[in-house]
Amino acid sequence: MQVDMNCRCKSIGFKTVNIIWEPLPQEPTSFFEPVYYRVFFCTYAPHNCDISNLNQGGHYHLGCTLNTSANLQSVSQQSKLECSISPSGDTLFDPYGFHFIVEMRNSSGVFISRKKTCRLAANGK
């Protein structure tokens, strides 16, 4: 399910980018429920970045994974979560932009942020 998630990027040169997002509020179903966040990025043209095949080796590449098996209340009270991603090898990010999404997975289901654009030439905003 696609959801609105407050996400942004912050570049460290053109080789590494930090993706920063606010955790989604969660239902208190279990005191220690594992919550998994994954960040995917796509360097193709916007119309070629299809999110329907994330797990089938589509256009998006897995950038990083964050497992939060801590107390749900403490995770949901955090103001932001962050992952650093870098393209493989000596490849640099395109300074004019790439696309990314954040996926959250818990016992309630899988929630995917709307596609966001990171423009490094514009100070990573």
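See the structure printed just above.
Just so it is clear, the structure is predicted and the values come from calculations on it, not from any experiment.

Right, let's get into the sheet that holds strand β3 (residues 16-21). A sheet is described by the order of its strands in space; here three strands give the open sequence β2-β3-β6, paired in antiparallel fashion. Looking at which strands have only one partner, the edges of the open sheet turn out to be β2 (7-12) and β6 (81-85). Taken over all neighbouring pairs, the strand axes of this sheet differ in orientation by 20° on average, direction set aside. Where β3 and β6 come together, five bridges link them in antiparallel fashion. Opposite Ile20, over in β6, you have Glu82 as the bridge partner.

What follows deals with the packing of aromatic side chains. One pass over the structure, following the stated rule, counts two aromatic pairs. When the ring of Trp21 is compared with that of Tyr37, the centres are 5.5 Å apart and the planes differ by 50°; the resulting orientation is tilted. Within this pair, whereas Trp21 is found in strand β3, its partner Tyr37 is found in strand β4 (residues 35-42), the two being separated by 16 residues in sequence. As far as the burial class goes, Trp21 and Tyr37 line up, both buried. Where Phe41 meets Phe98, the ring centres are 6.3 Å apart and the plane angle is 80°; that geometry is what we call edge-to-face. Taken together, the positions of Phe41 in strand β4 and Phe98 in strand β7 (residues 98-106) put the pair 57 residues apart, joining distant regions of the chain.

Looking now at the nonpolar core. The biggest cluster of nonpolar side chains holds 24 residues, and the ones touching the most others in it are Val17, Ile19, Trp21, Ile85 and Phe98. Breaking this core down by element, the ones donating at least two residues are β2, β3, β4, β6 and β7. In contact with Ile85, not counting residues within four places along its chain, are Lys15, Thr16, Val17, Ile19, Val39, Phe41, Gly63, Cys64, Phe93 and Phe98. In this structure, Phe40, Cys42, Leu54 and Ile112 belong to the second largest nonpolar core, which totals seven residues.

Reading the values: rules and limits
- Residues numbered from 1 in each chain as written.
- Predicted model: local features only at pLDDT ≥ 70, side-chain atom pairs only at ≥ 80, totals over all residues.
- Heavy atoms only, no water.
- Pairing = 2+ DSSP bridges.
- Helix = DSSP H or I, 4+ residues; strand = E, 2+ residues; numbered from the N terminus.
- Axes fitted to C-alpha atoms, helices over the stretch in contact; angles between N-to-C directions.
- Phe/Tyr/Trp six-rings, centres within 6.5 Å; stacked < 30°, edge-to-face > 60°.
- Buried < 20%, exposed > 50% of the residue type's maximum accessible area, 1.4 Å probe, protein only.
- Core = buried A, V, L, I, M, F, W, Y, C linked by side-chain atoms within 4.5 Å.
- Contact = heavy atoms within 4.5 Å.

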